[in-house]
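Topology and contacts: notes
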Amino acid sequence: MTENPTHTARPLPGGPVAEAVFAEITARVAALRAAGVVPSLATILVGDDPASAGYIRMKQERAAELGFASPHIHLSATATPADLLWAIGAYNRDPDVHAILVQHPTPPQLDYAETILAIDPAKDVDGLHPENLGRLAAGLPGPVPCTPAGIEALLAFHEIPVAGRDVVVLGRGTTLGRPLSLLLSQKRATADAAVTVVHSGVPGWERHTRRADIVVAAVGVPGIVRPEHLRPGAVAIGGGVRYEGRRLLPDLDESCATVAGAITPRVGGVGPTTVAMLFRNAVELAERQTGLPAA
Ligand SMILES: NC(=O)c1ccc[n+]([C@@H]2O[C@H](COP(=O)([O-])OP(=O)(O)OC[C@H]3O[C@@H](n4cnc5c(N)ncnc54)[C@H](OP(=O)(O)O)[C@@H]3O)[C@@H](O)[C@H]2O)c1
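Residues numbered from 1 in each chain as written. Predicted model: local features only at pLDDT ≥ 70, side-chain atom pairs only at ≥ 80, totals over all residues.

If you look the chain up in an unreviewed UniProt entry, it shows as Bifunctional protein FolD from Plantactinospora sonchi. Per its UniProt entry, the chain bears the Function (unreviewed entry) comment "Catalyzes the oxidation of 5,10-methylenetetrahydrofolate to 5,10-methenyltetrahydrofolate and then the hydrolysis of 5,10-methenyltetrahydrofolate to 10-formyltetrahydrofolate." Listed in UniProt under the heading Subunit (unreviewed entry), the comment for the chain reads: "Homodimer." (UniProt positions renumbered as here; feature names shortened; annotations may be inferred.)

Mapped onto this numbering, the UniProt entry gives "domain: Tetrahydrofolate dehydrogenase/cyclohydrolase catalytic" (unreviewed entry) at residues 13-126. The straight-line gap between the two end C-alpha atoms of residues 13-126 is 22 Å; of that span, 50% is helix and 12% is strand. (Helix = DSSP H or I, 4+ residues; strand = E, 2+ residues; numbered from the N terminus.)

This paragraph deals with the site of the ligand. Inspection of the region around the ligand gives 25 residues, with Gly-171, Gly-173, Ser-200, Gly-220 and Gly-240 positioned closest. For the shell around the ligand, the elements supplying multiple residues, two or more each, are strand E9 (241-244) and helix H9 (270-290). Split by residue class, the shell around the ligand holds nine nonpolar, 14 polar and two charged. (Near = placed C-beta within 6 Å. Nonpolar A, V, L, I, M, F, W, Y, C, P; charged D, E, K, R; others polar.)

The positions UniProt marks with the feature "binding site: NADP(+)" (unreviewed entry) are Gly-171, Arg-172, Gly-173 and Val-241. Following the sequence through the fold, Arg-172 ends up in the loop between strand E5 (166-170) and helix H7 (177-184). Taking the number of C-beta atoms within 10 Å as the measure of exposure, Arg-172 has 19 and is therefore partly exposed. Setting aside its immediate chain neighbours within four residues, Arg-172 contacts Gly-177, Arg-178, Val-197 and His-199. On the secondary structure map, Val-241 appears in strand E9. Excluding anything up to four places from it in sequence, Val-241 contacts Gly-220, Leu-248, Leu-249, Pro-250 and Asp-251. (Buried ≥ 20, exposed ≤ 12 C-beta atoms within 10 Å, placed from the backbone. Contact = placed C-beta atoms within 7 Å.)

Turning our eyes to something else, we now look at unusual backbone geometry. Looking along the chain, the bond that leaves His-104 and enters Pro-105 is cis, with omega of 0 degrees. As for its position among the elements, Pro-105 is in the loop between strand E4 (99-102) and helix H4 (112-118). For Glu-159, which is not glycine, the phi torsion reads 55 degrees and is therefore positive. Mapped onto the elements of the fold, Glu-159 is located in the loop between helix H6 (146-157) and E5. Overall, the presence of 6 C-beta atoms within 10 Å leaves Glu-159 in the exposed class. Backbone geometry places Asp-192, a non-glycine residue, at a positive phi of 60 degrees. Secondary-structure assignment places Asp-192 in the loop between H7 and strand E6 (194-198).

This brings us to the packing of helix H1 (residues 15-34) against H9. Packing of H1 against H9 leaves a shortest axis separation of 9 Å and a crossing angle of 20 degrees. Classified by the interaxial angle, the pair formed by H1 and H9 is roughly parallel. H9 is crossed by H1, and the crossing has left-handed handedness. Of the residues in H9, those touching H1 at Gly-15, Val-17, Ala-18, Val-21, Phe-22, Ile-25, Arg-28, Val-29 and Leu-32 are Pro-272, Thr-273, Val-275, Ala-276, Phe-279, Arg-280, Val-283, Ala-286 and Glu-287. Class assignment for the residues of the contact of H1 with H9 results in 13 nonpolar, two polar and three charged. (Axes fitted to C-alpha atoms, helices over the stretch in contact; angles between N-to-C directions. Parallel < 35°, antiparallel > 145°, perpendicular 65-115°, else oblique. Left-handed = near helix turned anticlockwise from the far one by under 90°.)

Right, dumping it as structure tokens:
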């Protein structure tokens, strides 16, 4: 982005945000371990999708670096709902497992919403169990969905003012747009925004994004946000992505950097903050379950 002279937007990388969060997590893991608790993030992979297997591998490597145990169950692509419920149940009952992650997407015979419901909310590292989404809506403590939490952290780290500003979120999905709108409208110094959510039911949604101080793309339609959808100088955050093979196609068209005042890079923007928040949730769940205070 910086190599193109027409792309004047300030880049907002997620890597340094994630590194700061990992440093905090390392201290919290050390405190747990000193008290005899090994925090544990347990994973379940169904099938052999190479991208999903790669994500699991990456999370296990990060878990090892941070001092987490990372037990893993790999089910075949033909696993039945009962097979998956058995695996989740085993982790739910295991007192040494503090956080459970079922890699998404699962094969079509498995209903993802039912899968999330089966996870003990106290071990729901993705924060997507309805009880935890309810806690978010009610402003109660609990694991917050990782990508929205990562976006709030990214804005705070880069000192982008959010309180009192107009934030327009494009997309109302359960993992990103909807929880992000709840999060950024909470009463907190790094939130406190006037949040508008637009989606496929809002024809001409660009009339909203064009007046926004901050636009968050949370759709999964490559290039859906273009320069003409942004107010000059606005902050553009790319949360939505689609993969074609190994190629990552973001919602934000690259040319948005000619108009935006600040923008997340195509690679290394929101993604690293999502992973960091996953481990922050995991250490927090371990602290809650063991009654040990944060470092
Ligand atoms: N970077 C990361 O680490 C990370 C993590 C999680 C998710 N994501 C990405 O974030 C994106 C959203 O995830 P999600 O689970 O929330 O997805 P989702 O449930 O599919 O939601 C997509 C939203 O986009 C809206 N939409 C679709 N086409 C549209 C259009 N042409 N115009 C306006 N709105 C449109 C949909 O509207 P309707 O509600 O009307 O259908 C829906 O609200 C995906 O690309 C996902 O891969 C990224």
